[in-house]
Amino acid sequence: MATKREVIEIPGLSHGAPIPMGAKIGGFVFSSAISGRDPETGALPDDPDLQAELLFRNIRTFMKNVGGTPDNIGHMTVYLKEEKHREAINKEWLKMFPDEKDRPARHAITIELRGKVLFQIEIIAVL
């Protein structure tokens, strides 16, 4: 019997395209690109550190909305507008995953991102 796909959203953060914030199938969770946009105001801060803080807050909200926590994340793909923004991501990464022996796999690449978006993250988690 096929498992039904469940759409996951973060209130205040929706994509401009007709795609959900993520999907859950059985115990597997897949996100679309999660950004550092403030879900309350819709603003995207210019400050990389603040944008990274909001991004990781949005990841926590996403995981809560699927019934999990960051501990359920098995892999993250980080998309950087510029290599220099890796430092802001790493600060928040270390706050979310302080134990070097208990972190998800991660891959980071530099790509063209739209507008003021400095970075985005996609996650794969298992509940």
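The following refers to the structure shown. For clarity, every value in this text was computed on a predicted model and none was experimentally measured.

Examining the sheet that holds strand β5 (residues 105–110)
1) Next: If you trace the six strands from one edge of the open sheet to the other, you get β1-β2-β3-β6-β4-β5, paired in mixed fashion. The open sheet has two free edges, formed respectively by β1 (5–8) and β5, since each of these has just one partner strand. Each neighbouring strand pair of the sheet contributes to a mean axis angle of 15°, computed without reference to strand direction.
2) Next: Sheet analysis places β1 next to strand β2 (residues 22–25), joined by four bridges and oriented antiparallel. Directly across from E6, in β2, lies its bridge partner K24.

Topic: the environment of V78
1) Next: In this fold, V78 is placed in strand β4 (residues 73–80).
2) Next: On a C-alpha basis, the gap between V78 and I123 in space is 8.9 Å, while along the polypeptide they are 45 residues apart.
3) Next: Not counting the four nearest positions on each side in its chain, V78 is found in contact with I89, R106, H107, A108, I109, Q120 and I121.

Procedures and definitions
Residues numbered from 1 in each chain as written. Predicted model: local features only at pLDDT ≥ 70, side-chain atom pairs only at ≥ 80, totals over all residues. Heavy atoms only, no water. Pairing = 2+ DSSP bridges. Helix = DSSP H or I, 4+ residues; strand = E, 2+ residues; numbered from the N terminus. Axes fitted to C-alpha atoms, helices over the stretch in contact; angles between N-to-C directions. Contact = heavy atoms within 4.5 Å.

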